[in-house]
Amino acid sequence: MISKFHGSASECVFVTLLAARAHKIRELKKQHPFVEEGVLMSKLMAYCSKEAHSCVEKAAMMAFVKLRILQPDENQSLRGPTLQQAMEEDIAMGLIPFYVETTLGTTSCCSFDNLSEIGPICEEYGVWLHVDGAYAGNSFICPELRNPMKGIECASSFNFNPNKFMLTNFDCSVMVRDRFRLTQALVVDPLYLQHSYSEQSIDYRHWGIPLSRRFRALKLWFVIRSFGVEGLQRYIREHCRLAKKFEALVKKDNRFEVASPVLLGLVCFRMKVGNHLNAKLLSSINAAGKIHMVPANLGDKYVIRFCVCAQNATDGHIEYAWEVISEFATDMQDIIQHDAINRF
Ligand SMILES: *Cc1c(COP(=O)(O)O)cnc(C)c1O
């Protein structure tokens, strides 16, 4: 396994999809030497969960392959049997599964796909497994947070963004993968780029789209030098603790509910009222400009995402944020009552 820096998680996902596509086409070409590549391409099928980041859909669009979006379980986690059933159905229709994208730490609620179930299935079907850990992947620096990684040994590639949760300035997305598979996929070798060390060195230009690259490794190296592994672990643990504190404040107030398990720095919560009222609450909070939050849909529920992001966030900031939210909720009491009356 070897790693390379990219500019974004979206780029990592796109590049691995291209590599998986090239890899599968090459394999199919051996079995069916007289079938045109375009015909083989039209049979390829990629998979991801409904909770996967939108960059997967974009990557499939750019790579011109079909993508089947699967329903996760009630904990927003993609499960092995769901994937296997979909692949079986597709194979029966003459399609060829070639790529599965899983997410550890989804954007909407930081849920985790079940890698320990999905990994062995991908191996069995000869399918490229990519793991997107853009945010939560950073937390694996803490041994006690590594549970969701079970099954990662089956992955062909994995990415995480130190610019999201490891104190590194944008841009910095690390992709770890099996060197040779990706290397073969994107090789173009004009005379002016050839050199006499191609046997010994890794040519990172074969790993992605750009030829020239920034020295992102230096930036990350300085971050690791400045904070130390223990310092980075402390930082991540502190953000998890603050998120738990916020969760406790939400739980203490019976007008509110927590909408998904709080495992890292993200808390998804909502008022126990209709979606449109939650949307109204959030838009008035954001309009006031004191704190800023972003919503998501979980199933049919509109939830508000509170994420601890600031480097030096303290207990005081969390208490202040909750005060702001709770005041706006109180201000909305009239509207809520009015809404309830209108419903009868
Ligand atoms: C943020 C995020 C992305 C997109 O990251 P970019 O680096 O901006 O492309 C992709 N996947 C997940 C799970 C994310 O949280």
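Notes on the structure follow. In this text the structure is predicted, and so the values were computed from the model without any measurement.

## Some points on unusual backbone geometry
A cis geometry characterises the amide bond from F170 onward to D171, with omega recorded as 0°. Mapped onto the fold, D171 is located in the loop between α6 (162-165) and β7 (173-177). The backbone phi angle of F64 is positive, close to 60°, even though this residue is not glycine. By the secondary structure assignment, F64 is in the loop between α3 (54-63) and β3 (66-70). Judged by its relative accessible area of 69%, F64 is exposed.

## A short note on the nonpolar core
Counting 49 residues, the largest nonpolar core has Y47, L83, V100, L129, I236 and L264 as the members making the most contacts within it. When contributions to this core are tallied by element, the ones reaching two or more residues are β2 (44-49), α4 (80-92), α5 (115-125), β5 (128-132), β6 (157-160), α8 (216-252), β9 (266-271) and β10 (294-298). Here the element with the most residues in this core is α8; it accounts for six residues. When residues are assigned to domains, this core turns out to be shared by domain 1 (2-214) and domain 2 (238-343), each giving three or more. Once residues lying within four places of it in the same chain are set aside, the contact partners of Y47 are L67, R68, L70, L83, A86, M87, D90, P97, Y99, V100 and E101. Counting residues in each nonpolar core, the second largest holds 31 residues, with V262, L277, A321 and W322 among its members.

## Looking at the site of the ligand
Near the ligand the following residues occur: S8, A9, S10, H53, T103, G105, T107, D132, A134, N161 and K164. The backbone of A9 places a nitrogen or oxygen atom 2.7 Å from an oxygen atom of the ligand. Taken by itself the ligand offers 380 Å² of open surface, and the protein chains cover 84% of this. Of the residues in the shell around the ligand, the class split is two nonpolar, seven polar and two charged.

## Brief notes about a nonpolar patch on the surface
On the surface, a nonpolar cluster with roughly 450 Å² of combined accessible area is contributed by F215, L218, W221 and F222. Among the structural elements, W221 can be located in helix α8. What makes W221 partly exposed here is its relative accessible area of 44%.

## Comments concerning the sheet that holds β6
Strand order in this open sheet of seven strands is β1-β7-β6-β5-β4-β2-β3, and the pairing throughout is mixed. At either margin of the open sheet sits one strand with a lone partner, and together these are β1 (2-6) and β3. Direction aside, the axes of adjacent strands within the sheet are offset by 20° on average. Note: β5 against β6, three bridges, orientation parallel. Paired with H130 across the two strands is S157, which belongs to β6. Sitting on the sheet, helix α1 (residues 9-31) touches β1, β2, β4 (96-103), β5, β6 and β7, and the angle it makes with β4 is about 160°. Contacts from α5 reach β4 and β5 within the one sheet, and its direction differs from that of β5 by about 155°.

## Some thoughts on the environment of G126
With respect to the element layout, G126 can be found in the loop between α5 and β5. Along the backbone, G126 and K24 are 102 residues apart, and their C-alpha atoms lie at a distance of 9.0 Å.

Thresholds applied
Residues numbered from 1 in each chain as written. Predicted model: local features only at pLDDT ≥ 70, side-chain atom pairs only at ≥ 80, totals over all residues. Heavy atoms only, no water. Helix = DSSP H or I, 4+ residues; strand = E, 2+ residues; numbered from the N terminus. Buried < 20%, exposed > 50% of the residue type's maximum accessible area, 1.4 Å probe, protein only. Core = buried A, V, L, I, M, F, W, Y, C linked by side-chain atoms within 4.5 Å. Domains from an automatic or database assignment. Contact = heavy atoms within 4.5 Å. Near = heavy atom within 4 Å. Polar contact = N/O pair within 3.5 Å; in protein donor to acceptor, adjacent residues only side chain to side chain. Areas by Shrake-Rupley, 256 points an atom, 1.4 Å probe, with all protein chains shown as cover. Nonpolar A, V, L, I, M, F, W, Y, C, P; charged D, E, K, R; others polar. Patch = residues over 30% accessible without salt bridge, like charges linked within 9 Å, V, L, I, M, F, W, Y side chains within 5 Å. Salt bridge = Lys/Arg side-chain N within 4 Å of Asp/Glu carboxyl O. Pairing = 2+ DSSP bridges. Axes fitted to C-alpha atoms, helices over the stretch in contact; angles between N-to-C directions.

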